Amino acid sequence: MAHFCLFRKIDELLTMTPLAAKDGRRPQEVDLGLVEEGAVLIENGHIRWAGQEKELSSHLIKSLVGKSSLEEVSGQGKTLIPALVESHTHLVFAGSRAHEFEMRVKGATYQEIAEAGGGIRSTVKHTREADEKTLFNLAKERVDEFARQGVGTLEIKSGYGLDTETELKMLRVAGKLKGPRILRTFLGPHAVGPEFSSSEEYLKEVTEKMLPAVSKEELASRVDIFVEQGYFTLEQGEAYYNRAQSMGYALTGHMEQMNRTGGAVMAARLGAQSVDHLVQVTPEDIEALAKSHTTCVLLPTADLYLRMAYPPARQLIDAGARVALATDFNPGSAPSQDLSLVGVLARLEMRMTLPEVLAAYTYNGAAALGLQDQCGSIEAEKSADLALIEGSWRDLFYQVGHHPVVETWAKGKRIHQK
């Protein structure tokens, strides 16, 4: 029996269909696809129809009653938007790095903390020691917190194992999590494993052992690498990408965060789905990224915690680059899951408009994961990924800690209800 769900009497419906038609570039308010007094009909987990309720045939609704299950959800006094897409997290980990925050307040840099035994390697130690059940329980609470904020699609990276056993463990845990659609990314080259004497030696382990093991168990569809001084070079990044692409992986990357390396343009040239951070990009980089199909994922929470400059969002958007936003949630440089904080920082510090922020967390976030054909806008045949919020969309990303989400739906299933 078919299952139908009808969202009706929606005060404001943001479909994002005009944004999707222009592939997320240079978003304006008109691209949000605002429909007043709207309705959305879902059939078996997919959107069948969206528009003004008066255009939805009463005959069609009546024909569904008695022939299939029909659930109705009232949108009166509410706004319906595409479920948000959180496209960059390091969500599976154990341990705390709260002490590093104090070190940073006293003036220690990211590199100095790492050299003192902190940073990524600190989390690696605790994550290696934790079993799958412990990691799952910790991660489940974090996933539920994202769902409460309207997230219907969630990217999760490995990278706190730096050995084959723990990297696989992290990805297995991520695959068991329920609620939002989960997309897993292998980030073996997040840093050099402590047992290895050089990045070259470690990358050999990554390419010869880890990548094949991840592929064999089908634990991730994408690969990531941290191209940065003291971590992995531009040349190592390109060689790693070429190997991963030959095995069928999609690409993403941590690029141009502390220093400009040329990694972002290199990754875009190879067809990466996204390049993330992009604090240290040049005008020439911006021009190249704007001409590419690669999404620029900006992570202002990390910039806030590291007390550094913010990416040039205004220049990227104006040049025509597709820009997404994400939390970069991790225990060290971005220990916050608050999407409202990301949006407020984007508006205040990067001069992004509200339509640009909404685009960044819907269609453009989906594009960053290669999922724009499945989610990110409310269109017929797409997955029913929806967020129902109290009041108007104009009040979003205005107050830090303000999450007026009443219900979150992913793949046609309600994953959060207030």
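This is a predicted model, so every value here is computed, not measured. (Residues numbered from 1 in each chain as written. Predicted model: local features only at pLDDT ≥ 70, side-chain atom pairs only at ≥ 80, totals over all residues. Heavy atoms only, no water.)

**Student:** What am I meant to see in the pairing of strand E5 (residues 78–82) here?
**Tutor:** Within a regular beta strand, the side chains point alternately toward one face of the sheet and then the other, so they alternate between its two faces. Of all five residues that make up E5, five are buried, and the element is covered over most of its length. Bridge count for E5 against strand E14 (residues 386–390) is five bridges, and the pairing is antiparallel. Bridged to Leu80 within E14 is Leu388. (Buried < 20%, exposed > 50% of the residue type's maximum accessible area, 1.4 Å probe, protein only. Helix = DSSP H or I, 4+ residues; strand = E, 2+ residues; numbered from the N terminus. Pairing = 2+ DSSP bridges.)

**Student:** Would you mind showing me how to read the environment of Ile42 here?
**Tutor:** Its place among the elements puts Ile42 in strand E2 (residues 34–43). Separated by 37 residues in sequence, Ile42 and Cys5 place their C-alpha atoms 5.0 Å apart. When neighbours within four sequence positions are excluded, Ile42 is seen to be in contact with His3, Phe4, Cys5, Phe7, Arg48, Ala384 and Leu386. (Contact = heavy atoms within 4.5 Å.)

**Student:** Help me out: how do you make sense of helix H6 (residues 132–148) in this one?
**Tutor:** The α-helix winds at 3.6 residues per turn, so residues separated by three or four positions along the chain end up facing the same way. The terminal C-alpha atoms of H6 lie 24 Å apart, and with 17 residues this matches the ideal 24 Å at 1.5 Å per residue to within 8%. Buried residues of H6: Leu135, Ala139, Arg142, Val143, Phe146 and Ala147, and no others. Relative to the axis of H6, the buried residues are bounded by an arc of 145° and lie together on one face. Turned more than 90 degrees off the buried face of H6, the exposed positions are Lys133 and Glu141. Gly150 lies just past H6 and shows a positive phi near 95°. (Expected span 1.5 Å × (residues − 1). Arc of directions from axis to C-beta.)

**Student:** Can you help me understand the sheet that holds strand E10 (residues 250–255) in this one?
**Tutor:** Backbone-to-backbone hydrogen bonds join strands into a sheet, with any given pair of strands oriented parallel or antiparallel. Taken in spatial order, the eight strands make up an open sheet running E6-E7-E8-E9-E10-E11-E12-E13, and their pairing is parallel. Only two strands of the sheet have a single partner each, and these edge strands are strand E6 (84–86) and strand E13 (323–325). As paired strands, strand E9 (residues 222–223) and E10 are joined by two bridges and run parallel to one another. If you follow Val223 over to E10, its bridge partner there is Leu251.

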